[in-house]
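Listed below, chain by chain, are the residues.
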Amino acid sequence: MHTGPKLWVLGNGQLGAMLKHAGESIDIEVIPLAIDSDGKPPVLDSADSVTAEREHWPANPIADQLFQHANFSSRRAFTEIADRCNEKTLFDRLGLANTPWCLVNDQTSVGDLYEKLGNKIVLKRRSGGYDGKGQQWLRATDNDDIPADWHGNAIAEQAIAFDEEVSLIGARNASGQSIFYPLTLNLHQDGILLASLAPLDRLQPYQDQAEFMLAKLMDELDYIGVLTMECFRLGDQLMINEVAPRVHNSGHWTMDGASLSQFDLHVRAVMALPISQPDIIGKSVMINLLGLEWNPLWSTVPYASVYWYDKEVLPGRKLGHINLNVQSRTQLDDALSVLSGLLSDRYHPIYDWLRSNF
Ligand code: ATP
Ligand code: MG
C-alpha cells in the first residue's frame, strides 16, 4: 500500500510503463496517464510530482492540469527543447557545438538553404517529430525544393557525414548533483534507432567532452531528472543532434547493464530522493523489436532480457526491445548466433555492427 506522494506521468507508452516499474521497487506509486483521453482530470495532491515521457501532447484538460502542477519537473526544459528552433537557439547561446542550421520561414527559398548549409540538407518539423518522422531530405543535385507545407514550421540542418552516433544519458537533482552513464554507441536506420552498445573503452576519450556539454545544458535549465543528449561524432568533435528532456530509447540497456537504470534515476531525481553513480555491469547491447509479431523463443537467447510493450503491431513500430548483457565477446557471439535465427534479414546489419564495435 503506497502512502507517500505519487508521481504522475504525462503519457502512457512504454517509457511510462518502465517508470512505473522502477517506482515499484522503492514504494513510489507512478501513474502514467493517456494524454489524448478526454476523461475526468485526476485529483493531484500538492505534494505529488509530475513528469513526462514525451515532448509533445495535444492541449486538453488532463495534460494542462499535469503540466501546470507546481511540481512538474523541469517545465522550462519542455518549452525550450520541444520546439527545435528554440532548442537550436539554446545550443548556440550556450556555445554548444550542434549541426549548422537555419529557420525555414515563409520567405525562405531552397537556394538560400543550399547556399547556407550545402548541397544536402534535412528539413525537420519544429515540433512533433520522432523516429525520423517529420523529416524531409533535400538534395541540390536532384533539384529538390522545399515542399509548400514545410514553410513556417520547420528548421533546416546541414547533412552531417558523421563517423558514428553516440548518446549521453545524464540525471540531475534539485541540488545540482549530476550523474552520467558511459557514452552509448547507437545505430540508426531511416531515422529510427535499431541498436545500442555500451560501455565502450574507445568512447572513453569523448566522455568528458560529452559530460561538459550536457552538464552545461542541465545547469542552464536547472534541470531535474534524466536528460538525453544525442550526438554525432566527427573525428574528435562531438556535435549535438538533439536532446530529449526524458528517459530515452538509447538508455534502455541500463535496465540490465547498470545497478540503477535510467528509470530508477529519473524517479529518484524527480521525487527528491538520493541519487548515486550506478555500477556498470559487463557490456550491454539493446536491439529494438520493430514491427514484429511477439515470439516466445526470444527468451531462449543466452544473456537476453526481453521487454514487450504490448502495442498494436504496425510496420516499423517500436514494439519491444531485447537487452543482451554479456561479459565477453564469446558470450556476445553465443547470443547473436541464437538471436539471428529468430529475427528477420533486416537485422543482419546489426550483428555485423555489433561484432565490429564490441
Ligand atoms: P528521435 O526518435 O530520436 O526523437 P527524431 O525523429 O526526433 O528522432 P533526429 O534524432 O533529429 O529525429 O534524427 C533521427 C536520425 O536521423 C538521427 O539519429 C540521424 O541518424 C539522422 N539525422 C538527423 N539529422 C541529421 C543530420 N543533420 N545529418 C545526418 N543525419 C541526420
Ligand atoms: Mg533522435
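Scroll up to find the structure this text is about.
On a predicted model such as this, the values are computed, not experimentally measured, just so you know. (Residues numbered from 1 in each chain as written. Chains lettered and ligands numbered in written order. Predicted model: local features only at pLDDT ≥ 70, side-chain atom pairs only at ≥ 80, totals over all residues. Heavy atoms only, no water.)

## A few points about the side chain of Glu87
- Topologically, Glu87 is positioned in helix 4 (residues 84–93).
- The buried charged residue Glu87 lacks any salt bridge partner; its closest oppositely charged side chain belongs to Arg84, at an N-O distance of 4.6 Å.
- When near neighbours in sequence (up to four residues on either side) are disregarded, Glu87 contacts Glu80, Ile81, Glu242 and Val243. (Helix = DSSP H or I, 4+ residues; strand = E, 2+ residues; numbered from the N terminus. Buried < 20%, exposed > 50% of the residue type's maximum accessible area, 1.4 Å probe, protein only. Lys, Arg positive; Asp, Glu negative; His and termini not counted. Salt bridge = Lys/Arg side-chain N within 4 Å of Asp/Glu carboxyl O. Contact = heavy atoms within 4.5 Å.)

## A short note on the pairing of strand 1 (residues 7–10)
- The alternating pattern of strand 1 places Leu7 and Val9 and Trp8 and Leu10 on opposite faces, both of which are buried.
- Here 4 bridges tie strand 1 to strand 3 (residues 49–52), and the two strands are oriented parallel to one another. Note on strand 3: the bridge partner recorded for Val9 is Thr51.
- Looking at chain direction, strand 1 and strand 2 (residues 30–33) are connected through 4 bridges and run parallel. Residue pairing across strands places Val9 opposite Pro32, the latter belonging to strand 2.
- Running through helix 1 (residues 14–24), the crossover from strand 1 to the neighbouring parallel element strand 2 is right-handed. (Pairing = 2+ DSSP bridges. Right-handed = clockwise from strand over helix to strand, strands pointing away.)

## Here we look at the environment of Arg202
- For Arg202, the position within the fold is in the loop between strand 11 (192–198) and helix 6 (207–221).
- Accessibility expressed as a relative area gives 36% for Arg202, which makes it partly exposed.
- Not counting chain neighbours up to four residues away, the residues in contact with Arg202 comprise Glu164, Leu185 and Asn357.
- Engagement of the side chain of Arg202 in a polar contact is seen with the side chain of Asn357, the distance being 2.7 Å. (Polar contact = N/O pair within 3.5 Å; in protein donor to acceptor, adjacent residues only side chain to side chain.)

## Let's talk about the nonpolar core
- In terms of nonpolar packing, the biggest core is built from 53 residues, with Leu217, Met229 and Leu339 touching the most fellow members.
- Tallying contributions element by element places helix 6 first for this core, with 7 residues.
- Other than its neighbours up to four places away in sequence, Leu339 contacts Ile287, Trp298, Val301, Ile322 and Tyr351.
- Counting 29 residues, the second largest nonpolar core, distinct from the first, contains Leu7, Ala22, Leu260 and Ile275. (Core = buried A, V, L, I, M, F, W, Y, C linked by side-chain atoms within 4.5 Å.)

## Here we look at helix 5 (residues 110–117)
- Along helix 5, the residues that are buried comprise Val110, Leu113, Tyr114 and Leu117. One side of helix 5 holds all its buried residues, which, seen down the axis, span an arc of 95 degrees. Exposed side of helix 5, more than 90 degrees from the buried face: Glu115 and Lys116 are the residues found there.
- Its buried side turned inward, helix 5 meets strand 4 (101–104), strand 5 (120–125), strand 6 (135–139) and strand 7 (154–158).
- Gly118 occupies a position one or two residues after helix 5 and carries a positive phi of about 105 degrees. (Arc of directions from axis to C-beta.)

## Digging into helix 6
- Along its 15 residues, helix 6 runs 21 Å from first to last C-alpha, staying within 8% of the 21 Å computed at 1.5 Å per residue.
- What helix 6 keeps buried is the set Gln207, Ala210, Met213, Leu214, Ala215, Leu217, Met218 and Leu221.
- Looking at the buried side of helix 6, the elements it contacts are helix 3 (75–81), helix 4, strand 8 (164–172), strand 9 (178–180), strand 12 (225–234) and strand 13 (237–244).
- One or two positions beyond helix 6, positive phi appears at Asp222, with a value near 50 degrees. (Expected span 1.5 Å × (residues − 1).)

## Here's the deal with the coordination of the magnesium ion (ligand 2)
- Those donors, Glu230 (OE), Glu230 (OE) and Glu242 (OE), are the protein atoms that reach the magnesium ion (ligand 2), and they lie 2.0 to 2.6 Å from it.
- For the magnesium ion (ligand 2), the 6 donor atoms in the first shell make angles of 52 to 151 degrees at the metal, a pattern classed as irregular. Taken together, the positions of Glu230 in strand 12 and Glu242 in strand 13 put the pair 12 residues apart, joining distant regions of the chain. In this structure, Glu230 and Glu242 share a single accessibility class: buried. (Donors = N, O, S within 2.8 Å, 3.2 Å for Na, K, Ca; no water. Tetrahedral: all angles 85-135°; square planar, octahedral: opposite > 155°, others 65-115°.)

## Brief notes about the packing of helix 4 against helix 6
- At their nearest, the axes of helix 4 and helix 6 sit 11 Å apart, and the two run at 110 degrees to each other. Judged by the inter-axis angle, helix 4 sits roughly perpendicular to helix 6. Within the contact between the two elements, helix 4 uses Leu90, Phe91 and Arg93 and helix 6 uses Leu217, Glu220 and Leu221. (Axes fitted to C-alpha atoms, helices over the stretch in contact; angles between N-to-C directions. Parallel < 35°, antiparallel > 145°, perpendicular 65-115°, else oblique.)

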